[in-house]
Amino acid sequence: MRGEYKVSGGKLVAVDVDVDDGKLANVSISGDFFLEPDTVIDDLNDALNGMPADSSVADMAAAIERAAGDAELIGFTPDVVGIAVRRALGKAVSWHDLTFDVIHRAPMNPAMHVALDQVLPGSVAKGEREAALVIWEWDDPLVVIGSFQSYKNEIDQEALERHGMRVVRRITGGGAMFMEAGNCITYSLIVPTALVEGLSFEQSYAYLDEWVIAALKKVGVNARYVPLNDIASDKGKIGGAAQKRFIDGSMVHHVTMSYDIDADKMLDVLRIGREKLSDKGTKSANKRVDPMRSQTGMAREDIIDSFLETFAERYDTRESDFTDDELRQAEELMRTKFTTDKWTHKVP
């Protein structure tokens, strides 16, 4: 069996391996990495031979690290070898093992997207979908707050009502999303957690958004990932990511990037936003947060089309839509959870 892992900004690591009586056997590590001294490669192979086939990435990485001693591993790390082994054994998957249902439909209630972020992972867990990429389009202004944010500390209720906005709490952590029609680009990736097998949370954020960093560069934005979960450019932050992993082996990872936000209105509604933007020197009125529009000169729709093109160039995709059952489940969750005061104010 063979598994591979390409390090972001680094090298390819491949592992050929057999399993004999529940243990790893005939391990052969290869790739375009560098290793000094080169004779240590045999020690690395021997370190994995005889280990239980169900060893975790951390256990295998520890064995590799002990065997490497003072050797220099250039372009890869011990945990990457463990991930490649897990992929060889079918315990982890790569992007190319999946076919992504790409869903980009007419605008809908933004709270439905929040609900669908809970519903779609269930479809993946049940094998009804392998994976999905959903581009959000919404028809109503909304503030989406993170699962652990305090409502009263985040939201100015008087300003919220004055601007005719509502609040919905999502299932993932992170900060508030100030969403009016056309002011940002938001997408959700729904994947099996096996795609990020062996990666830390910090590593998984960057790994799942490698494609969008490339897509941003394609439209003229020199973007980079800033740990833990921010996407930034030469002219400042563009957006942020959040994710949640479920015990059924599925996960949701979503990203919101500013296209053209009315900063005055956002600062009026979001209390925390005032503090965050004051740190960045945004003090005067009549400002807009528009890194995507100003840096690209492109319409939002054209940027999204370019993003989808980049994604399709890298991975297997097919056009899709939400099923009737997924929409029914999401509507029920909206009614019983996401639009209730109990959930919205779960952190007062």
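Procedures and definitions
Residues numbered from 1 in each chain as written. Predicted model: local features only at pLDDT ≥ 70, side-chain atom pairs only at ≥ 80, totals over all residues. Heavy atoms only, no water. Helix = DSSP H or I, 4+ residues; strand = E, 2+ residues; numbered from the N terminus. Rg over C-alpha atoms; globule rule 2.2 N^0.38 Å. Contact = heavy atoms within 4.5 Å. Areas by Shrake-Rupley, 256 points an atom, 1.4 Å probe, with all protein chains shown as cover. Lys, Arg positive; Asp, Glu negative; His and termini not counted. Charge placed at Lys NZ, Arg CZ, Asp CG, Glu CD. Domains from an automatic or database assignment. Buried area = accessible area lost by both parts, 1.4 Å probe. Salt bridge = Lys/Arg side-chain N within 4 Å of Asp/Glu carboxyl O. Buried < 20%, exposed > 50% of the residue type's maximum accessible area, 1.4 Å probe, protein only. Pairing = 2+ DSSP bridges. Axes fitted to C-alpha atoms, helices over the stretch in contact; angles between N-to-C directions. Arc of directions from axis to C-beta.

## Concerning the overall build of the chain
Each helix and strand in the chain was counted, giving 14 helices and 18 strands. Since a compact globule built from 348 residues should have a radius of gyration of about 20 Å, the 22 Å found for the chain is in line with a globular shape. In the chain, 71% of the contacts between residues at least 6 apart in sequence involve partners at least 24 apart. A total accessible area of about 15600 Å² is found for the chain, and carbon and sulfur atoms account for 47% of it. Across the chain, the 40 positively charged side chains and the 58 negatively charged ones have centroids separated by 7 Å.

## So, the domain arrangement of the chain
Taken domain by domain, the chain comprises domain 1 (2-89) and domain 2 (95-345). One C-alpha centre belongs to domain 1, the other to domain 2; they are set 35 Å apart. The interface is formed by seven residues belonging to domain 1 together with seven residues belonging to domain 2. In this assembly, domain 1 packs against domain 2 so that about 570 Å² is buried in total across both faces, 42% of it on carbon and sulfur atoms. A per-residue breakdown of the area domain 1 buries against domain 2 is headed by Y5, I83 and R87, which together make up 47% of the total.

## Comments concerning the pattern of salt bridges
Under the definition given, this model contains 20 salt bridges. Residue R129 pairs with D101 through a salt bridge whose shortest N-O separation is 2.9 Å. With R129 in the loop between α4 (110-125) and β7 (131-135) and D101 in strand β6 (residues 99-103), the pair connects residues that are 28 residues apart, well separated along the chain. Note on R129: relative accessible area 5%, which makes it buried. Note that K218 is salt-bridged to E309, the shortest N-O span being 2.8 Å. Note that K218 is positioned in helix α8 (residues 210-218) and E309 in helix α12 (residues 300-314), a separation of 91 residues in sequence. With relative accessibility at 44%, the residue E309 sits in the partly exposed group.

## A closer look at the sheet that holds strand β9 (residues 166-169)
A sheet is described by the order of its strands in space; here three strands give the open sequence β9-β8-β10, paired in mixed fashion. Strand pairing shows two members of the sheet lacking a second neighbour, β9 and β10 (177-179), which therefore form its edges. Strand-to-strand twist in this sheet, taken as the mean axis angle between neighbours without regard to direction, amounts to 20 degrees. Relative to β10, strand β8 (residues 142-145) is paired through three bridges, and the arrangement is antiparallel. Among the inter-strand pairings, V144 is bridged to a residue of β10, identified as M177.

## Re unusual backbone geometry
Of the consecutive residues E36 and P37, the connecting peptide bond is found in the cis state with omega at -5 degrees. Residue position: P37 is located in the loop between β4 (34-36) and α1 (40-48). Residue P227 is joined to L228 through a cis peptide bond whose omega torsion reads 5 degrees. For L228, the position within the fold is in the loop between β12 (223-226) and β13 (230-233). With a phi close to 55 degrees, N26 is a non-glycine residue in the positive phi region.

## Regarding helix α13 (residues 324-338)
Turning to α13, its buried residues are E326, L327, A330, L333, M334 and F338. Down the axis of α13, the buried set is contained in an arc of 120 degrees. They therefore lie on one face. Those residues of α13 that are exposed and angled more than 90 degrees off the buried face are D324 and R335.

## Some points on the sheet that holds strand β18 (residues 316-319)
An order of β12-β13-β14-β15-β11-β7-β6-β18 is seen for the eight strands of this open sheet, with the pairing classed as mixed. With partners counted over all chains shown, the strands left at the sheet margins are β12 and β18, one partner each. When the angles between neighbouring strand axes are averaged without regard to direction, this sheet yields 20 degrees. Bridge count for β6 against β7 is four bridges, and the pairing is parallel. Residue pairing across strands places I103 opposite V134, the latter belonging to β7. Its contacts with the sheet put α8 on β7, β11 (184-192), β12, β13 and β15 (250-258), and the angle it makes with β12 is roughly 150 degrees. Packing of α12 onto the sheet brings it into contact with β6, β7, β11, β15 and β18, and relative to β11 it is tilted by some 25 degrees.

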